[in-house]
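In case you want the letters, here they are:
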Amino acid sequence: MANVTEILNQARKEKRTVLTEIESKKVLRAVGITCTDTRLAPTRENAVALSSEIGYPVVLKISSKDITHKSDAGGVKVNLKDKADVERAYDEIMTSARKKFPNAVIEGVTVQSMAKPGIEVIMGIVKDPSFGPVIMFGLGGVFVELLKDVAFRIVPIEKSDAEDMINEIKGKKLLEGYRGQEPADVAYLQQMLLKLSDFVNATPEIEEIDMNPVFAYKDGAVVVDARIILPAA
Ligand code: ADP
Ligand code: MG
């Protein structure tokens, strides 16, 4: 995983603890976790060119090492269907981000493919002072924010742990195809948890991983937002 080492080293060299969305997704992809194709556009023209390369519809997000919660900055625009949409979204994102974070250094926007709707789940790693890395799984959106419906296990986990984690969340029925929605590919989600656990177990210098949200489908799943955090030196 030469790629992963390079990305971690680069961040450390710049004294950054938070990897960008693009860097985080590169790391996850190297581990075998599917993420939306995400690229950096430093200018409005670049954003338009990348959008037609990636293929509409696309999503634009603010790219700034000083802004971690992109929606809070008015920095996420989804389902952009053509050049005019992208140009407008670019301008709105820049105006809003500069207003809300006047001191932020802005690299531009990221352009990524718009993922088709799925069941939103979250996965991640947090570090516990006594137990070390802990892996978590939950349903996204209000389920995690309001209901704290999340399962935790100490890393490393085995297949049976991944199964148990998914089974023990209260909202599990949603994954089975609630009210005509397609079910989620639970076996695939288990594999993702195992890959995440193996990676962090082999890479102790990872402090935190936040995959929020992941869209789960009948076949497979895709990470649409990711953030990896390294320890403060
Ligand atoms: P934040 O930094 O605020 O967490 P996100 O990247 O998670 O920003 O984007 C906010 C929301 O926009 C997500 O929760 C998701 O619903 C939607 N979204 C983000 N990226 C995509 C994408 N590639 N395809 C479809 N929806 C997306
Ligand atoms: Mg997010």
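Residues numbered from 1 in each chain as written. Chains lettered and ligands numbered in written order. Predicted model: local features only at pLDDT ≥ 70, side-chain atom pairs only at ≥ 80, totals over all residues. Heavy atoms only, no water.

**Student:** Explain the sheet that holds strand 4 (residues 106-113) here, please?
**Tutor:** One key point about sheets: their strands pair by backbone hydrogen bonds, in either a parallel or an antiparallel sense. Pairing in this open sheet of 4 strands is antiparallel, and the strands run 1-4-2-3 from one edge to the other. Whereas interior strands pair on both sides, the edge strands pair on one side only; in this sheet they are strand 1 (38-41) and strand 3 (76-80). Pairwise comparison of adjacent strand axes, ignoring direction, gives a mean angle of 25° for this sheet. Summarising the sheet, strand 1 and strand 4 pair through 4 bridges and their orientation is antiparallel. What sits directly across from Arg 39, in strand 4, is Val 111. Each of strand 1, strand 2 (58-64) and strand 4 is contacted by helix 2 (residues 21-30), which is oriented at about 155° to strand 1, the strand it contacts most. (Pairing = 2+ DSSP bridges. Helix = DSSP H or I, 4+ residues; strand = E, 2+ residues; numbered from the N terminus. Axes fitted to C-alpha atoms, helices over the stretch in contact; angles between N-to-C directions. Contact = heavy atoms within 4.5 Å.)

**Student:** Looking at this model, I keep getting lost on the coordination of the magnesium ion (ligand 2). Mind explaining?
**Tutor:** Ideal geometry at a metal gives 109.5 degrees between four tetrahedral donors and either 90 or 180 degrees between six octahedral ones. On the protein side, the magnesium ion (ligand 2) has Asn 212 (O) and Asp 225 (OD) as donor atoms, found 2.2 to 2.3 Å from it. Residue Asn 212 is located in strand 8 (residues 208-216), and its partner Asp 225 is located in the loop between strand 9 (221-223) and strand 10 (226-229); the two are separated by 13 residues in the primary sequence. (Donors = N, O, S within 2.8 Å, 3.2 Å for Na, K, Ca; no water.)

**Student:** Would you take a moment to explain the environment of Ser 52 for this structure?
**Tutor:** With respect to the helices and strands, the residue Ser 52 is situated in helix 3 (residues 44-54). Spatially, the C-alpha atoms of Ser 52 and Phe 215 are 23 Å apart, while their sequence positions differ by 163 residues.

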